[in-house]
Amino acid sequence: MKTKKWSRQDRLGNILFLVILGGGLLALILNLVLPDKADSDTENRPLAQISDIQAQGLWTGETGREVSDWYADQFPLRNTLLHLNYCVQRLEGVSEIDDVYIGSHMLLQQAPAYDAAVSDQNLQAIRDFQAKTGIPVNVQIVPTSIAVNADRLPMNATSADEAAAIADIQSKSQDLGFINSLDTLASHKDEDLYYATDHHWKSRGAWYAWTDLAAAKGWSADEAAFDILKAADGFQGTLSAKTGDPFLSDTVEIWVPKNGPEYVMTKDGVKTRTMYDESALDRRDKYQVFTGPNTGEFTLEMDNDSPVRLLLFKDSYANAMLQFLIPQCRSITVVDPRYYDGNLDRLMETGVFTDVLFLYNYSSWVQDHSLKGVLDAKSGEPAANETENS
């Protein structure tokens, strides 16, 4: 009987197999012994918990999927592996991860294709709302980073033509006080108007869009009237979370009016004397320094003599612009249709609004199925909304 001789390659393969098997068993033991982590800062999402696993799904395979999700989410050194995976993909020449382009010193989220039907539906709902209330309306659809910073995209990258889409929206909304800020933002693109690691714009990006709104409304727009303060370094936003990029980071700035009015923000029943949520600076999503987590409705009441009582329909881009609106308004009622579960008819009865602004970024606007429902909701019937991150 011949004895098989193991080659050096066979021995290395067996050793590698044993190492992988032992590592997997050790990881499983650690998963069972260590407490589950609730959230991943790196991925900016909640993690699967062992308590989520339900035995009744054994026969359908659902329990197996739940166990797999839990094991993957709670795997030791998961964040390190995510960063290593990013580095490996970059070495392989990958320039797009999970619909995010790895640009020149910047991550850029792909923009969705222009859905004219959704946009037209929203514009008609606004038109009907303006006719019903008789209140002057402005619509401002602002471009995302990929439109303004197209020169930073990797070679052969493609995305939706936001310029053409915004031009089409403008052509259909001349009666709605449309404000196009694409040219203004593009002319200042070298000033880094958007975060390199997040899908939002910076305060400076919001400022330049604000100058267009102020010009349309006859409001003051003097940069010297604000103190520009650095709120935080090391911000790694949603795009870092998607890709696993460990290298890029951002600085968060806030613009505080030098001689602005005293004001109170009322949000989720809590009153504060500032729109800035300082606690957000200790969390992953530092963009939430602007008014905190998303919610359906909140108000700002200013101690000034302004005649302007603004009703603002918005996505999260508007949060960074509020700091410029505060000195111009006596009150601002903010409605985010994605989270709003109130009734607009009743809201209109509670405040004497003088102006209405619809402020969205392009990506949110062409995917928003909540706005029409909020504007069309009949008395006593809250609108059915979708919840999205944007």
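Not measured: the values here are computed from a predicted model.

(A) Region of the structure containing the sheet that holds strand 13 (residues 309–314). With respect to topology, eight strands assemble into an open sheet ordered 7-6-15-13-14-12-10-11, the strand pairing being mixed. Each end of this open sheet is capped by a strand with a single partner; those strands are strand 7 (178–179) and strand 11 (270–272). Examined bridge by bridge, strand 13 and strand 15 (residues 355–361) share five bridges and lie parallel to one another. By the bridge assignment for strand 15, K314 is matched with L359.

(B) The arrangement of the pattern of salt bridges in detail. The tally for this structure, following the rule as stated, stands at 16 salt bridges. Here D355 and K217 are joined by a salt bridge, their closest N and O atoms 2.6 Å apart. Separated by 138 residues along the polypeptide, D355 in strand 15 and K217 in helix 8 (residues 203–217) bring together distant segments of the chain. Residue D355 is classed as buried on the basis of its relative accessible area of 11%. A salt bridge links D336 to K314, with the shortest nitrogen-to-oxygen separation between them at 3.6 Å. With D336 in the loop between strand 14 (331–335) and helix 11 (344–350) and K314 in strand 13, the pair connects residues that are 22 residues apart, well separated along the chain. Judged on exposure class, the residue D336 and its partner K314 are both buried. Taken together, the shared-partner salt bridges in this structure form one network comprising D120, D168 and K172.

(C) Spatial organisation of the nonpolar core. By size, the foremost hydrophobic cluster in this structure holds 87 residues, and its most contacted members are W201, F290, L300, L312, F313, I332 and F358. Among the elements that make up this core, the one with the highest residue count is helix 8 (seven residues). Ignoring sequence-local partners within four residues, the contact set of F290 consists of Y195, S203, V252, E253, I254, M275, Y276, N319, A320 and Q323.

Parameters at a glance
- Residues numbered from 1 in each chain as written.
- Predicted model: local features only at pLDDT ≥ 70, side-chain atom pairs only at ≥ 80, totals over all residues.
- Heavy atoms only, no water.
- Pairing = 2+ DSSP bridges.
- Helix = DSSP H or I, 4+ residues; strand = E, 2+ residues; numbered from the N terminus.
- Salt bridge = Lys/Arg side-chain N within 4 Å of Asp/Glu carboxyl O.
- Buried < 20%, exposed > 50% of the residue type's maximum accessible area, 1.4 Å probe, protein only.
- Core = buried A, V, L, I, M, F, W, Y, C linked by side-chain atoms within 4.5 Å.
- Contact = heavy atoms within 4.5 Å.

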